[in-house]
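# Architecture at a glance
Chain by chain, the residues run as shown.
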Amino acid sequence: MNPRNMFCGRTRREFLWQAGGGFTSLGLVDMLSRDGFFSGSRPSDDPNAGPLAPKPPHHAPKAKACIFLFMYGGPSHVDTFDYKPKLYPLDGKTIDIQTKGRGGSKSKGRVVGPKWKFSQYGESGRWISDLFPHVGRYVDDMAFIHSMYADSPLHGSAMLMMNSGRILSGAPCLGSWVNYGLGTENQNLPGFVVMLDKTGGPISGAKNWHSGYMPAVYQGTVLRPTGEPILDLDVPNGMSDREQRRILDALREQNEAHLSHRSEDTTLAARIQSYELAYRMQSHAPEAIDIANESASTKTLYGLDDPRTEDFGRKCLLARRMVERGVRFVQVYSGGNHNDHNWDAHGDLEHNHSKHAGATDKPIAALLADLKQRGLLDETIVVWGGEFGRQPTAEYAQGTGRDHNSAGFTMWMAGGGIKKGVALGKTDELGNAAVERPLHVKELHATILHQMGLDPNRLSFFHAGLDQKLVGVEPVKPIRELIA
Amino acid sequence: MMTRRLICALPVLALTVASAQEPRRSGGEWWAYQPLKRPEAPAVRDASWVRSPIDAFVLAGLEERGMRPAPEADRHTILRRVTYDLTGLPPTQDEIDAFLADDSPDAYEKVVDRLLASPQHGVKWAQHWLDVVRYAETDGYERDSKKPFVWRYRDWVVDALNADMPYRDFVTKQLAGDELPDATVADHVATGFYRLGIWDDEPTDRQQHRYDVLDGIADTAARATLAISMGCARCHDHKKDPLPQKDYHSFLGYFENIAPYNKQSRTIPADGAREKFEAASATFAIESKRCRDELMRVAYERLAAKGGAAEGAAPRVVARYDGDVASATALLDESGEHDGKVFGQVVQVPGRKGQALRFDGDDFCRIPRVVEDSFSVSFFVRSDQPGRGNVRDKRWFTGTGLVDGEIPGIVDDWGVSWIAEGVIAAGTGRPEKFVSSAAGYNDGEWHHVAFTRDRRSGKLALFVDGQMAGETVGSKRPLRTPEDLVIGRARPGGEGFRGDLDEITFYDRALSAAEVAALALELPGGVAAAAAIDGTSALKQLSRLRAPEFETVELLAVREHGRDAPEPIVRLRGNVHARGPQVPLGVPGMLGEAKLFAPAPTRQSSGRRLALARWITTEDNRMTWRVIANRVWQHHFGRGIVRSSNDFGRLGDRPTHPQLLDWLACEVLDREQSLKSMHRLIVTSSTYRMSSDADERGLAKDPLNDAFWRFDRRRLTAEEIRDSILAANGTLNLERGGPSIYPQLPQAVLDTASRPGSAWGRSSPEQAARRSIYVHVKRSLPEPLLASFDRADTDSSCPVRFATVQPTQALSMVNGDFANLQAELFAQRLRRDTKGLRAQLARGLELVSQRPARRDDVARLVKLAADLQADFGRSEKQALQRCCLVLLNCNEFIFLD
């Protein structure tokens, strides 16, 4: 073995994966055994670092963290942020239009005029519907992409696309890539947390925050806003912290006695260490979700005093607290379960979107305001959007429900070095498909990685014979027009 | 089970493919693509260490590096190691005692034989294979539906390994069990292999997704059996290996005729069912004929007595399509009032009477809705086709329509159809009610069918050959939903009926049993002759006869479209719509001059997969035997001789001991491909029996243990950890097989599902304590404990698991409900087993480490228990529970020396 590749008597790869809190498989070595396994990403230089230790980025980052507000189900862009005046007078008229959604491909459709009025906001004068008056106040901090498109207009595959870049199940999620590429600054908290809707997870459940072919350590941790924040974090009923400490001390002594005859084995030592990390997490994570010390005005700002906004507001507030504590990637779901429990407005658009926008508008505005006032917005990218948008036409013979639309929809970003008060791309005059500067989900992903200091075309993980990347095989450029 | 000899005798032609277009490419110099040759075991200096040639290969390498093998592990260690390796479980106290007491020189070998004979051996080793084939029990995506009967495949793998099925058969049956002559149910079950992957029931591009699924199959099959990264050549030529894109598509051709998965199980005859059914049918036929003959005799006698005149109010014929009057475009009603239209190529063939209508699956006729209130439809049918759907679900609309007014949804419709295995079914909608016959009417003979419906009572009855097959009560509404009726196809489209229909007659009321019998017997005068037989004992007898049932098994298995498979073409950039040039069916050229097998089509399939399986399992295949030898080695030593056990190509690792690998591969062949024999060979070697203790020189020279100078310590797998916890507290339930179990999950985990209330099942505590291989594998909701200890991700083939150490594992093992409950059960067991805290703790230590408790370890726990009582007010019972929690978290428990 070439000594150049050795760290304290171990090879670099063994070191990376076996060191404290790290991985311990010799079998794993097969996947790491080529030089340059980590060439695309950034292994830590700290010999005692675990897999989540902070790793230097590829380039100086603009953003340290990302908060992804996931509007699950697919919000209608023409009723929220993509103003289409020509759509109103067409309400109820059947027109020739090519659409593809849950109901298959159609060449005719009955237009559903936007159900909300649009007004101009801010100095940039962007048009925003009455669904988001609070968010509208921060329009000059936001960058809209009106020309998003995705590979699938069906929830199952579209969710996987937005979260993992592929419509085929099995790839790690955006948060996992960030976690893998950068590690976490706070070892006492997970690097990638997900907050789900109280009605349940999105379809495909854990696949939406899974680490796919990467080790499970990179997957998202579900964080609950009340009670036990992380699975199995609470000390068992009736046991005091001191008592548990006593028990863990006995365990450590037991394991150290075992280790004394096997002192070369870093894995055994790592496992001893993992109990200490877990113990520390027990005291830090509850603190992270304890909002008792937040001021009354902050709580009001997030809408915690209103039952409509309380739930999402609390999650937005927690997202800020997570970012403050060094968590890299926070995903907050608006909507869960099925049908009208999320933005999937197939039946009654007005009812559905009033409900979900009503629950999120104020909290999202609060999050932007709060991050801004704390100087965190500059280093935190906030992303808003669903897995797709909705069609300008009705899905059924009656009603205002719209079918899915992946050919054109809107997402917006704010903070983290993203240009302020701009809008990019256009859909056609009915909002049916992206026609100007169409931007794929991969380009959104590339932009987020880039802002966080990672080169989307270099960040790779070797699996099944390939240096796998979030953005796929073909190089993908970040969206330059949006980068400040 | 099919024996090796039988498989060898398959009627598949071996032929050497003449290089038609171009010379076949070779794999170049790369080690894996060279023909397999048996190496000589090298000479070594310390011959006393050598128990088998394995040791000679290993020791020669060590001596060359100036290293020495570690000393032999002590008896406790080796027993624990080999018991986990071969069964995934710790040795019991009795097993430890017996081994320690056995002074005979072959005491260890006896243990190995005992373990290999244990049914738990298959349970342990099946999981290794299940990882490679990405075994999961749901489809993934939005609905993440359960794969029906997928567990039969898991059980098949367990059983095959326990039966020490030769590896050739093990591979062949999974790839092509259905194409074997006289395939058994188990052979079909093995092809469940094809249905394990992810599947989107609502894909955005159905064709592309179909090929994504096929890619998953081809890639997994290639990685599993050949260790080549086939999938890398889907869109372009392989970057490193001489595997051009067209070789990928040639290879894909072996699988392209597979009918897409559709969530459906298949139902096939149980083993021996056909014989049983045929015997019963023969008896039935004799009985039935006797009754008919008698009826016939009575009828003619009575008819003769009355001068041939029938009596009674005859039902009116509403419409009648007898097959004699049809044109290419019109199906003519006898009366001319209700003519129908012909779609496709319905042809006339000699029928039951005059001409009959022949349907070829694509053809059908439409006739007006001639009936809607009380009615009967009577016809003769003849087919040797199985029909659509499956015999567990005999609702009429799942079959191919014979005479049908089916409209999807719960509406006022009705129909008579032909279901799998020759079942005839009929029913009405709103509410869905149906009646069905026994199986087996697909015998190529004419059968009379009558379906009667009385609107006032709602009564429905189905008669086959004059006998009632079943009756029920259905809707009392007018059946008006279908605007017209379809003959020869189920209304919603899809595959139509294949066979002949004749004398399709509609009557304006429900016929009586006697009237139907008169039609079935073709008595002169038709229904009018019913009076002649009504009330006779022969008619009663006939109506009492029941056709025998066909014994079937429902399973998840592969099915092809038919004998004729499409010619493979290149799909440019892996895009199914970008059709490139046609390529010949074939295997990768880099694997040398291949002796290929020409597919021999069977009745239902192309025979391609069997041809592929034959090629993969020929003795001169360069990859197969090395690949399986390496996998066996991998799971004994924690790493393969080639560490990348799914990839022997240039993107993979080189073997650390190429000669040893080749020698082992040759041994696989010489030992009639018995994997148990390979296990025995390996675990009885000195190499396997080395201690895991490190020495300075070894660590300095070879920290990764490339040379095998010691045995690599390993963490238990996720399954071993959970099973061992259950074993320690004595609740482990060793029951094998059957549908999967649902250990209780924390509510917080269930809440992450999109349908929190229906995401997971419930098992009794006894069932929940079964081995982990039986825990339901749900793609969108991985069991959290197993997942955190690195159970394989099932979306792609997993050759080597991660073995991580992370704080979330510690959290679940210290705070989790499962760990705390198990610690309590452990404590209860200790209290049952022995008296006194000290003795209980000593016993606990033995149960987690399988060695006598050390005094200072016991003292440490005794001290902990005392402190918990003194400082935290715990009772002795509570203190013991907490000590047990410590025991379950010990490294000594979780790691294997």
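Residues numbered from 1 in each chain as written. Chains lettered and ligands numbered in written order. Predicted model: local features only at pLDDT ≥ 70, side-chain atom pairs only at ≥ 80, totals over all residues.

What chain A contains, in helices and strands, is 11 helices and 21 strands. Within the span of chain A, comprising 484 residues, buried residues form 62% of the whole. In chain A, of all internal contacts separated by at least 6 residues, the share reaching a separation of at least 24 is 74%. (Helix = DSSP H or I, 4+ residues; strand = E, 2+ residues; numbered from the N terminus. Buried ≥ 20, exposed ≤ 12 C-beta atoms within 10 Å, placed from the backbone. Contact = placed C-beta atoms within 7 Å.)

We now examine the overall build of chain B. Looking only at helices and strands, chain B features 30 helices and 24 strands. Projected onto the principal axes, the alpha-carbon positions of chain B cover approximately 110 × 80 × 50 Å. In chain B, buried positions account for 57% of the 897 residues. Within chain B, residue pairs in contact and separated by at least 24 positions form 70% of the contacts whose partners lie at least 6 positions apart.

Attention now moves to the sheet that holds strand E13 (residues 433-436) of chain B. Residue and element names in this part refer to chain B. Taking strand neighbours across the sheet as the criterion, the eight strands line up as E4-E5-E8-E17-E10-E11-E12-E13 in an open arrangement whose pairing is antiparallel. A single partner strand is all that each edge strand has here, and the edge strands are strand E4 (330-331) and E13. In this structure, strand E10 (residues 400-404) lies alongside strand E17 (residues 484-487), joined through two bridges in antiparallel fashion. Its bridge partner lying in E17, Val403 is registered against Ile487. (Pairing = 2+ DSSP bridges.)

Looking now at the packing of helix H26 (residues 817-833) of chain B against helix H27 (residues 837-849) of chain B. Residues and elements named next belong to chain B. Where H26 contacts H27, the two axes come as close as 9 Å, and the packing angle between them is 120 degrees. In terms of orientation, H26 and H27 fall into the oblique class. Judged by the twist between their axes, the crossing of H26 over H27 is right-handed. Residues Phe826, Leu830, Arg831 and Asp833 of H26 pack against Gln840, Arg843 and Gly844 of H27. Residues of the contact of H26 with H27, tallied by class, amount to two nonpolar, two polar and three charged. (Axes fitted to C-alpha atoms, helices over the stretch in contact; angles between N-to-C directions. Parallel < 35°, antiparallel > 145°, perpendicular 65-115°, else oblique. Left-handed = near helix turned anticlockwise from the far one by under 90°. Nonpolar A, V, L, I, M, F, W, Y, C, P; charged D, E, K, R; others polar.)

On to the domain arrangement of chain B. Each domain of chain B was delimited in the assignment, giving domain 1 (317-510) and domain 2 (817-896). Distance from the C-alpha centre of domain 1 of chain B to the C-alpha centre of domain 2 of chain B: 71 Å. (Domains from an automatic or database assignment.)

For the rest of this paragraph, the subject is helix H6 (residues 119-132) of chain B. All names here are of chain B. Across the 14 residues of H6, 12 count as buried, placing the element largely inside the fold. Along H6, the residues classified as buried are His121, Gly122, Val123, Lys124, Trp125, Ala126, Gln127, His128, Trp129, Leu130, Asp131 and Val132. Elements that come into contact with the buried residues of H6 comprise helix H3 (75-87), helix H5 (107-117), helix H7 (151-162), helix H10 (206-226), helix H17 (624-637) and helix H21 (718-728).

The subject of this paragraph is the interface of chain B and chain A. The partner chain A presents 77 residues to the 78 residues of chain B that form the contact. Elements supplying a minimum of two residues to the side of chain B that touches chain A: helix H22 (747-750), helix H24 (784-788), helix H25 (807-815), helix H28 (855-872), helix H29 (876-889) and helix H30 (891-894) of chain B. By residue class, the composition of the side of chain B that touches chain A is 33 nonpolar, 20 polar and 25 charged.

Our next topic: the environment of B:Val58. Residue and element names in this part refer to chain B. Its place among the elements puts Val58 in helix H2 (residues 53-64). Val58 sits in the buried class, given 26 other C-beta atoms within 10 Å. Distance in space between the C-alpha atoms of Val58 and Ser686 is 9.6 Å, their sequence separation being 628 residues. The residues touching Val58, leaving out its near neighbours within four places in the chain, are His657, Leu660, Thr687 and Phe708.

What follows concerns the confidence of the model for chain B. Of all residues in chain B, 95% have pLDDT values of 70 or greater, and the mean over the chain is 90. Interface scoring of the predicted complex returns ipTM 0.84; its pTM is 0.81. (pLDDT = per-residue confidence, 0-100.)

Residue and element names in this part refer to chain B. Those residues of H5 that fall on the buried side of the exposure criterion are Val111, Val112 and Leu115. End-on, the buried residues of H5 take up no more than an arc of 100 degrees, which puts them together on one face. Looking at the buried residues of H5, the elements they touch are H3, helix H4 (93-101), H6 and helix H19 (675-683). (Arc of directions from axis to C-beta.)

All names here are of chain B. The topology assignment puts Phe255 in the loop between helix H11 (245-252) and strand E2 (266-269). On the neighbour-count criterion, Phe255 (22 C-beta atoms within 10 Å) is buried. For the pair Phe255 and Ala439, spaced 184 residues apart in the sequence, the C-alpha separation amounts to 31 Å. Excluding residues within four positions of it along the chain, Phe255 makes contact with Leu214, Ile217, Ala218 and Arg609.

Take the pairing of strand E14 (residues 447-453) of chain B next. Two faces belong to every sheet, and in a regular strand the side chains alternate between them. Residue and element names in this part refer to chain B. Burial analysis of E14 places seven of its seven residues in the buried class, which makes it a mostly covered element. Both faces of E14 are covered, namely the face carrying His447, Val449, Phe451 and Arg453 and the face carrying His448, Ala450 and Thr452. Two strands pair when backbone bridges link them, and strand E9 (residues 375-382) and E14 are joined in this way by seven bridges, in the antiparallel orientation. Opposite Ser376, over in E14, you have Thr452 as the bridge partner. In this antiparallel pair of consecutive strands, E14 and strand E15 (residues 459-464), the connection spans five residues, and Gly458 shows a positive phi of 75 degrees.

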